[in-house]
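A look at the structure
Chain by chain, the residues:
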Amino acid sequence: MMWAIGVDLAWSPRNPTAAVALRWEEDHWEVEAWADDLGSDAEILGFLSPYREGSCIIGIDAPLIVPNEEGSRPCDREIASRFGRYHAGGYPVNRRWLRAFGGLRGEALAQALAAWGFTLNPPSVPQALIRTVIEVFPHPAAVILFGLRRMIRYKRLGRGLWIRGLRRWHRQLLTLEHFHPLLRWPEAWRSSLPDRKTRRALKAWEDRLDAAFCAYVAGYVWFYGPAGYEQIGDLQNGYVIIPRRIG
């Protein structure tokens, strides 16, 4: 059995983290499990623990390797340069800045997964039996996979714009059912918004959608191997995996 898992990691344990697990079924991905209310690192590892044995690739939206105390990682500077015109560049990442949000959670999670036998090396061949964790970044990944002229805005907006942005992002993600490999969505995911549209419910839905996309990106990278991704950066200074659109 092959698993692809996405983690939309909150930078502080005071905020909820979302995670989604996909299961490979011969020629497509199926949504197996999800959570959008994980708090501590122990809770996140508890969600991941059923997949600690066997083949699995985990895509985490958070910095996993941050050697620099100040400034920015080279990979973040390159992403900002290349994807800034799409409004899909990231923030400068350094250890001092991350501590202000509660610590280097991505590094800590990667180290915990390494103790389980996971590696930080991205796939070297397609569809290998691997156990690896990679850093992903949904915004530039969406620009590439969906051919966007501009990132879909759905974060840190007023309520009306937030809801419209989430609906658009949800519609875009549903098109993954027509990709190769395709992702088959469960019925519970087809409604564009939760029934209760409180701020908390909307944020949980946003995080869950992002985690699902991180999982798909990880699964896409596993399926195609090096032909299907670009590694920006390296294991010494930090890297981000960006998918390449195939077909």
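Calculation criteria
- Residues numbered from 1 in each chain as written.
- Predicted model: local features only at pLDDT ≥ 70, side-chain atom pairs only at ≥ 80, totals over all residues.
- Heavy atoms only, no water.
- Helix = DSSP H or I, 4+ residues; strand = E, 2+ residues; numbered from the N terminus.
- Buried < 20%, exposed > 50% of the residue type's maximum accessible area, 1.4 Å probe, protein only.
- Contact = heavy atoms within 4.5 Å.
- Patch = residues over 30% accessible without salt bridge, like charges linked within 9 Å, V, L, I, M, F, W, Y side chains within 5 Å.
- Areas by Shrake-Rupley, 256 points an atom, 1.4 Å probe, with all protein chains shown as cover.
- Salt bridge = Lys/Arg side-chain N within 4 Å of Asp/Glu carboxyl O.
- Lys, Arg positive; Asp, Glu negative; His and termini not counted.
- Charge placed at Lys NZ, Arg CZ, Asp CG, Glu CD.
- Axes fitted to C-alpha atoms, helices over the stretch in contact; angles between N-to-C directions.
- Parallel < 35°, antiparallel > 145°, perpendicular 65-115°, else oblique.
- Left-handed = near helix turned anticlockwise from the far one by under 90°.
- Pairing = 2+ DSSP bridges.
- Polar contact = N/O pair within 3.5 Å; in protein donor to acceptor, adjacent residues only side chain to side chain.
- Core = buried A, V, L, I, M, F, W, Y, C linked by side-chain atoms within 4.5 Å.

Tracing the chain through its elements places V7 in strand 1 (residues 2-8). You can call V7 buried: its relative accessible area is 0%. Put simply, V7 and A142 are 135 residues apart on the chain and 16 Å apart in space, counted from C-alpha to C-alpha. With near-sequence residues (within four places) excluded, V7 lies in contact with T17, A18, A19, L48, I58, G59, I60, D61 and C214.

Side chains of R159, R167, R168, R171 and K197 sit close together on the surface and give a patch of like positive charge. With respect to the helices, strands and loops of the structure, R167 is situated in helix 6 (residues 159-174).

This part takes up the packing of helix 5 (residues 138-146) against helix 7 (residues 199-224). Two numbers describe a pair of packed helices, the interaxial angle and the distance between the axes. It is at 11 Å that the axes of helix 5 and helix 7 come closest, and there the two elements cross at 60°. In this view, helix 5 runs oblique relative to helix 7, as classed from their interaxial angle. Our pair here, helix 5 against helix 7, has a crossing hand that is left-handed. Across the interface between the two elements, P138, A141, A142, L145 and F146 from helix 5 touch F213, C214, Y216, V217 and Y220 from helix 7.

By the bridge criterion, six bridges tie strand 7 (residues 229-234) to strand 8 (residues 238-243) in an arrangement that is antiparallel. Following the sheet pairing, G233 is matched in strand 8 by Y239. Taking the residues that link successive antiparallel strands as the turn, the strand 7-strand 8 hairpin has three residues.

This next bit is on the side chain of E135. You can see E135 is positioned in strand 5 (residues 131-135). Among the polar contacts made by the side chain of E135, one reaches the side chain of R73 at a distance of 2.8 Å. In contact with E135, other than residues within four places in its own chain, are I60, A62, P63, L64, I65, R73, Y239, V240 and I241.

Its place among the elements puts R244 in the segment after strand 8. Using a relative accessible area of 38% as the deciding quantity, one classes R244 as partly exposed. Residues R244 and R190 lie 54 residues apart in sequence; the distance between their C-alpha atoms is 26 Å. Apart from the residues within four sequence positions on either side, R244 is in contact with I144, L145, Y220, P226, A227, G228, Y229 and E230.

Our next topic: the nonpolar core. Core analysis: the largest hydrophobic core is formed by 85 residues, its most contacted members being L48, I58, I60, L113 and F213. Those residues in contact with F213, other than ones at most four positions away along the chain, are P138, A141, A142, L145, F146, W169, L173 and L176.

From the geometry alone we can't say anything about function, so treat these as descriptive.
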